[in-house]
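Coordinates in review
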Amino acid sequence: MKKWSVTQSLNFIEQLEAGIRYFDLRISIKPGEGNELYFIHGLFGIKVYDGLMEINNFLKSHSKEVIFLDFNHYYAMEDINHEYLIEMLKEIFGSRLCRANLVEEITLQYLWERKYQVLVFYHHPMAYSFPFLWPGHQIPAPWANTNDAQKLVQFLETTLSERARRRTFHVSQAILTPHAKTVIQGMIVGLRDSLVARNLPVIMNWVKCQKPGVNGVNIITSDFVELVDFATTVIKLNYLLLHDKTKREQV
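1. Considerations on the sheet that holds strand E5 (residues 118–122)
Spatial strand order, E3-E2-E1-E4-E5-E6: six strands in an open sheet with mixed pairing. Since the sheet does not close on itself, it has two edges, and those belong to strand E3 (43–47) and strand E6 (133–135), each with one partner. Here the average twist between neighbouring strands, direction ignored, is 40°. When strand E4 (residues 67–75) meets E5, the two strands line up parallel, connected through five bridges. From the neighbouring strand, Ile67 faces E5, where its bridge partner is Val118.

2. A few points about helix H6 (residues 149–161)
For H6, spanning 13 residues, the distance from its first C-alpha to its last is 19 Å, which sits close to the expected 18 Å at 1.5 Å a residue. Considered for burial, the residues of H6 that qualify are Ala149, Leu152, Val153, Leu156, Thr159 and Leu160. An end-on view of H6 places all buried positions within 135° of arc, on one side of the element. In this structure, H6 carries Gln150, Lys151, Gln154 and Ser161 as exposed residues pointing more than 90 degrees from its buried face.

3. Considerations on unusual backbone geometry
Most of the time, phi is negative for any residue but glycine, and the peptide bond is trans. Phi at Lys115 takes a positive value of approximately 60°, unusual for a residue other than glycine. Take Lys115: it is sitting in the loop between helix H5 (108–114) and E5. A positive phi angle is found at Asn145, which is not glycine, with a value near 50°. In this fold, Asn145 is placed in the loop between E6 and H6.

4. Some remarks on the pairing of E5
Where burial is concerned, most of E5 is hidden: five out of the five residues are buried. Neither face of E5 is exposed, since Val118, Val120 and Tyr122 on one face and Leu119 and Phe121 on the opposite face are all buried.

5. Describing the packing of helix H3 (residues 48–60) against helix H4 (residues 79–93)
Here H3 crosses H4 at 25°, and the two axes come no closer than 10 Å. As the angle between them shows, H3 and H4 are arranged roughly parallel. When you trace H3 past H4, the crossing you get is right-handed. Where H3 abuts H4, its residues Val48, Tyr49, Leu52, Met53, Ile55, Asn56 and Leu59 lie against Leu85, Met88, Leu89, Glu91, Ile92 and Phe93. Tallied by class, the residues present in the contact of H3 with H4 amount to 11 nonpolar, one polar and one charged.

6. As for the confidence of the model for the protein chain
With 84% of its residues at a pLDDT of at least 70, the protein chain reaches an overall mean of 86. This stretch, residues 1–6, has a pLDDT under 50; its non-local contacts, to residues over four places away or in other chains, come to 21 contacts. Low pLDDT, under 50, characterises residues 182–189; the predicted model gives this stretch 12 contacts beyond four residues in sequence or across chains.

7. Observations concerning the pattern of salt bridges
The tally for this structure, following the rule as stated, stands at six salt bridges. Lys47 is the salt-bridge partner of Glu36, the closest N and O atoms lying 4.0 Å from each other. In this pair, Glu36 is assigned in the loop between strand E1 (22–29) and strand E2 (37–41) and Lys47 in strand E3, connecting sequence segments 11 residues apart. With relative accessibility at 33%, the residue Lys47 sits in the partly exposed group. Taking the shortest distance from any N to any O, the salt bridge between Glu113 and Arg114 comes out at 3.6 Å. Owing to a relative accessible area of 55%, Glu113 belongs among the exposed residues under this scheme. Taking the relative accessible area as the measure of exposure, Arg114 reaches 37% and is therefore partly exposed.

Reading the values: rules and limits
Residues numbered from 1 in each chain as written. Predicted model: local features only at pLDDT ≥ 70, side-chain atom pairs only at ≥ 80, totals over all residues. Heavy atoms only, no water. Pairing = 2+ DSSP bridges. Helix = DSSP H or I, 4+ residues; strand = E, 2+ residues; numbered from the N terminus. Axes fitted to C-alpha atoms, helices over the stretch in contact; angles between N-to-C directions. Expected span 1.5 Å × (residues − 1). Buried < 20%, exposed > 50% of the residue type's maximum accessible area, 1.4 Å probe, protein only. Arc of directions from axis to C-beta. Parallel < 35°, antiparallel > 145°, perpendicular 65-115°, else oblique. Left-handed = near helix turned anticlockwise from the far one by under 90°. Contact = heavy atoms within 4.5 Å. Nonpolar A, V, L, I, M, F, W, Y, C, P; charged D, E, K, R; others polar. pLDDT = per-residue confidence, 0-100. Salt bridge = Lys/Arg side-chain N within 4 Å of Asp/Glu carboxyl O.

This is the structure in structure tokens:
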């Protein structure tokens, strides 16, 4: 099942160096290993502490880079495990953690002035007890739950049109989800080659047509980002904002 559980081939450092700045994180304890926490997506990944340390080491040498950590699924975790994870975040990132605020206040200039580099979104009631945790509702990430690329694009367009009135961050999950029949038919080749690679042209065409800003895209996610120049394509969308700003200044 590994070929259907793994959604990225690159580790944290490799993704960061490729330009990825948002991470969708799911956490679990492992039976028989006490309070130790692991990343999980169908199968157990690396220890959470090790992954967070990789990210922090990158931030130490890239003082103006900002990342989003979206902790949105927890498995077999009780309050004591959440407390351990939150304490770990404080210990590793310290003053780099951005305090929750109005989304409209968060600009790169705002973050740079305060030396903030990490926004942690925590989908659990405990988020409301810590000023450096952003409640999960401030970063909705609608899930299409389809293995059809055209239906995915339609879903992305529909949910994007609802974004403006929420006044939150927003994740467009440009991700296809295999159904049981898809997994059985592609048991040998796996998610990457059976579903993702052959549908990337449709998905990337949608990405290239987007525009960032209040009524546009905010954060876009994809599986196996190394298959195409995903990060660069998304980053280039920001130049459209600069173009609009220049046009306004010339009027």
